Amino acid sequence: MPSDRLGGAVDPGPIRSEPGSLLEHVVVAVFGIDDEDRVCYWGPGAQSLFGHEARSVLSQPAAVLFPEPAPGEGPGGAAHLAERARTLGYWRVRLPALHRDGTVFDCGFRVFPMTGSTGRSVVLGLASRGDELDRVKTNLSFLDALFETCPIGLVMLDEELRYVHLNQALADMDGVPLEEHLGRRMADIMITSDGGEYQRMLRAVAQGGQPVIGTLVGLRTPGHPDSDQVRSVSFFPLSGAGDTRRGVGGLLLDVTEREQAILEATAARQRLALLDRAAAGIGTTLDLDTTARELVEAVVPDFCDACVVELVEWMDETEAFDPALPVATRRIASGTTLPEPAVELVSGLEQVTYPPGSNIHQMLSTERPLCFTVDEDFATRTVVHQQRAQLLLDSGLAGILMAPLIARGTVQGIAMFGRSAARAAFAEEDLGLAGELASRAALCLDNARLYGRVQDIALTLQRALLPSAPAGGPYVDISHRYLPGSRVTEVGGDWYDAIALSGDRVALVVGDVMGHGVPAAAAMGRLRITAKTLARHTAEPAALLEELDVCAQEAGIEWATCLYLLYDPHTGRARIASAGHPPPLVRHRDGTVHTIGDVLGVPLGVGGVPYRAIEIDLPEGATVALYTDGLIEARGQDIDTGMDALREQLRAPLGSLEEAADRILANLLPDTATDDTVLVLARVSSVPGRPQNG
């Protein structure tokens with residue numbers, strides 16, 4: 001320890017405690033007393049505390065630092081300090097001390113003996129003014145009492161808005177143990193729905209901005225996930241003392257009861273936000289199952305812990321609801337965040353029957369959302385099988401809200417929302433929200449169901465108008481496939497035909513009418529029947545397309561593609577004409593594939609442009625591939641890539657044409673094709689009925 005001796009350096013100033021502590025501004029005097037009770041060390045802070053310079057006090061009796069004792073009081077302060085230090089090893093005491101100017105002041109001492117390498121013993125003393133020590137103690141006591149007993153939430157955050165210190169009142173307010181706060185960000189505990197405004201306010205304070213006083217904030221916490229709170233918060237920047245980091249100090253007061261209007265507004269905003277998300281997320285497609293899943297995804301877990309959507313299986317939608325009859329439904333979507341057995345409960349059945357007198361019947365009779373407590377009475381009245389009823393009781397669901405899905409004045413289905421006991425029970429406002437959600441979903445489901453019916457009609461018409469067994473004749477082996485697009489894509493106008501003509505000739509036709517649905521299917525049927533009729537009376541393919549073009553214009557068909565191939569087995573030649581259709585491919589027996597790309601023409605319905613035909617050789621065993629663009633076109637893929645893939649499939653050994661057609665479609669079409677697809681494979685032979693493999 002440095003000390004001033006006679007002739008020593010200039011006093012550098014008082015020694016203070018480490019930066020950042022409450023003792024930083026308390027002067028600490030360091031001095032030493034030898035075996036003869038004389039001052040042998042004089043630290044830098046001693047002059048500031050006692051007023052003596054080192055040269056005037058060193059080697060002087062230590063009694064100079066204390067007032068004279070009264071008669072009969074025993075030894076003076078210096079002797080008493082030294083004796084206690086040597087006897088006890090460490091002693092702490094408050095004694096009056098004497099300043100050089102003669103004033104007496106209260107002083108706190110800590111003394112203990114020290115022995116050097118020579119064996120000489122010295123009593124080392126540390127001293128500070130009593131009033132400064134009292135001030136520090138008062139501050140510490142105040143802070144301790146404040147954090148322990150203050151009913152207002154107190155918090156200290158670092159620059160990253162992480163919890164450094166908080167009191168129990170704030171932990172209780174959050175419903176999260178105090179120790180689980182430390183190190184976590186405030187945004188993880190105080191969850192707001194204000195678009196980040198609260199966090200931006202805190203960051204501004206942390207960066208040295210102006211304090212925030214009495215700002216009201218609506219929030220939820222992980223400890224009370226279903227309880228909205230309103231708090232009055234005040235925050236101020238912590239400048240950082242010494243080498244401590246900057247941060248934010250805060251006071252938080254729960255004013256939920258006082259600010260019930262804000263609480264209700266927060267809940268209303270959350271309900272509106274849920275409705276907005278549902279409006280944007282439900283009905284993105286015209287697929288029934290997808291629409292039902294979108295409703296489930298919109299409400300779980302924001303609104304409830306479990307949800308199922310069921311369609312009512314009415315024998316006749318116009319029949320009046322009879323509460324004396326069971327209600328049969330088909331569950332088309334479900335979801336839950338709860339563990340088993342809740343997962344089995346919501347997803348374990350597809351066909352559900354509710355007995356007369358069930359809560360479902362009560363809800364359907366009122367045609368309004370109703371809420372029920374899950375108990376034995378509810379389970380017995382609602383669930384037919386005892387095992388499923390027990391599953392409901394064990395699922396963890398405490399309440400179920402049922403809402404009818406009504407569209408066009410008819411109950412289309414049922415939506416059920418379930419909450420566990422860990423969440424707040426359904427309230428009156430939740431019934432209104434469920435009704436809004438059900439109304440939105442019912443309209444979308446009804447549109448999807450109507451669209452599905454139109455799809456089924458169009459597909460039925462499409463298949464009825466396509467040939468069931470195209471006639472290839474004895475010299476041509478034919479395999480054909482028609483695949484409609486996915487359920488979310490309307491049926492298109494793709495078509496094909498194989499027509500047996502006089503002289504063993506065979507005409508192959510493939511076409512595609514622009515558009516979808518029933519109009520496209522009807523237009524397709526008209527063109528196919530017309531083409532079949534013209535084929536028997538028109539020997540030239542180009543002339544046939546010209547007649548077909550006139551028919552298309554008269555029928556109001558604005559755009560359709562068509563490829564017509566006429567094969568004569570006796571000459572081994574084929575004549576081909578095209579109306580804007582993808583070119584045919586020819587595979588030879590050796591596996592080589594070439595494209596008949598020099599046959600061009602404008603689509604049917606355009607009019608005014610003559611067609612032309614080309615003639616090619618089709619050698620023994622050659623296979624011709626005719627197709628529509630659904631086989632080679634895909635979103636995000638160049639059509640040349642699709643053509644290359646089809647050629648590669650044809651180069652492989654074909655085997656039977658039926659197997660080849662299945663393999664090509666399986667390898668080229670995605671799981672959810674976006675367009676109809678036709679594929680016709682025709683293998684030619686000069687000998688009637690000869691099987692051809694290759």
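The model shown is predicted, which means the values in this text are computed figures rather than measured ones.

**Q** How should the state of the cysteines be read in this particular structure?
**A** Should the sulfur atoms of two cysteines be covalently bonded, the bond is a disulfide. With the rule as written, the count across this model stands at zero disulfides. For the unlinked cysteine Cys304, the closest cysteine sulfur is that of Cys307, found at 5.2 Å. We classify Cys304 as buried; its relative accessible area is 0%.

**Q** Just to check I follow, could you spell out helix H3 (residues 77–88) for this structure?
**A** Residue pairs three or four apart in sequence face the same way in an α-helix, which turns once every 3.6 residues. Taking 1.5 Å of rise per residue, the 12 residues of H3 would be expected to cover 16 Å, and the 16 Å separating its terminal C-alpha atoms lies within 8% of that figure. Buried within H3 we find Gly77, Ala78, Leu81, Ala82 and Ala85. Viewed along the axis of H3, the buried residues span an arc of 130°, placing them on a single side of the element. The inward-facing, buried residues of H3 abut strand E1 (29–33), strand E3 (91–98), strand E4 (104–115) and strand E5 (121–129). Taken from the residues just after H3, Gly89 is the one with a positive phi, measuring 85°.

**Q** Explain the packing of aromatic side chains to me, please; I cannot follow it from the model alone.
**A** In this description, a pair of aromatic rings is defined by centroid distance and the angle of the planes. Under the criterion given, the structure shown has 10 aromatic pairs. Here Phe31 and Phe50 contribute two aromatic rings whose centre-to-centre distance is 6.2 Å and whose plane-to-plane angle is 90°, an arrangement assigned as edge-to-face. Highlighted residues: Phe31 in strand E1 and Phe50 in helix H1 (residues 44–50), separated in sequence by 19 residues. A relative accessible area of 0% places Phe31 in the buried class. Ring centres of Phe66 and Phe109 lie 5.4 Å apart, and the angle between their planes is 40°; this geometry places the pair in the tilted category. Here Phe66 is found in the loop between helix H2 (54–57) and H3, whereas its partner Phe109 is found in strand E4, with 43 residues between them in sequence. Residue Phe66 is classed as buried on the basis of its relative accessible area, which comes to 5%. The exposure class assigned to Phe109 is buried, which follows from its relative accessible area of 0%.

**Q** Would you mind going over the sheet that holds E5 with me for this structure?
**A** Paired through their backbone hydrogen bonds, the strands of a sheet run either parallel or antiparallel. One open sheet holds the five strands; their spatial order is E2-E1-E5-E4-E3, and the pairing between them is antiparallel. Each edge of the open sheet is held by one strand with a lone partner, namely strand E2 (39–42) and E3. Taking the axes of each pair of neighbouring strands and ignoring which way they run, one obtains an average angle of 30° across the sheet. Sheet topology note: the E4/E5 ladder contains nine bridges and is antiparallel. Across the sheet, residue Val111 finds its bridge partner in E5, namely Gly125.

**Q** What is the right way to look at the sheet that holds strand E14 (residues 370–373) in this model?
**A** If you walk across this open sheet you meet the six strands as E13-E12-E11-E16-E15-E14, and the pairing is antiparallel. Edge strands, defined here as strands with exactly one partner in the open sheet, are strand E13 (351–354) and E14. Put simply, the sheet's adjacent strands are angled 30° from each other on average, direction ignored. One ladder, built from four bridges, connects E14 with strand E15 (residues 397–407); its direction is antiparallel. Directly across from Phe372, in E15, lies its bridge partner Ile400.

**Q** Is there a simple way to think about the pattern of salt bridges in this case?
**A** A pair can form between side chains of opposite charge whenever their charged atoms are brought close. What the rule picks out here adds up to 30 salt bridges. Asp228 is the partner of Arg220 in a salt bridge, and the nearest nitrogen-oxygen pair spans 2.6 Å. Arg481 is the salt-bridge partner of Glu658, the closest N and O atoms lying 2.8 Å from each other. Remark: Arg481 occurs in strand E17 (residues 476–483) and Glu658 occurs in helix H19 (residues 657–668); sequence separation between them is 177 residues. On the basis of relative accessibility, which here comes to 17%, the residue Arg481 falls in the buried class. Each of Glu540, Arg573, Arg575, Glu615 and Asp617 takes part in salt bridges that share partners, so that together they form one network.

Reading the values: rules and limits
Residues numbered from 1 in each chain as written. Predicted model: local features only at pLDDT ≥ 70, side-chain atom pairs only at ≥ 80, totals over all residues. Heavy atoms only, no water. Disulfide = S-S within 2.5 Å. Buried < 20%, exposed > 50% of the residue type's maximum accessible area, 1.4 Å probe, protein only. Helix = DSSP H or I, 4+ residues; strand = E, 2+ residues; numbered from the N terminus. Expected span 1.5 Å × (residues − 1). Arc of directions from axis to C-beta. Contact = heavy atoms within 4.5 Å. Phe/Tyr/Trp six-rings, centres within 6.5 Å; stacked < 30°, edge-to-face > 60°. Pairing = 2+ DSSP bridges. Axes fitted to C-alpha atoms, helices over the stretch in contact; angles between N-to-C directions. Salt bridge = Lys/Arg side-chain N within 4 Å of Asp/Glu carboxyl O.

The values reported here are purely geometric and, on their own, carry no functional implication.
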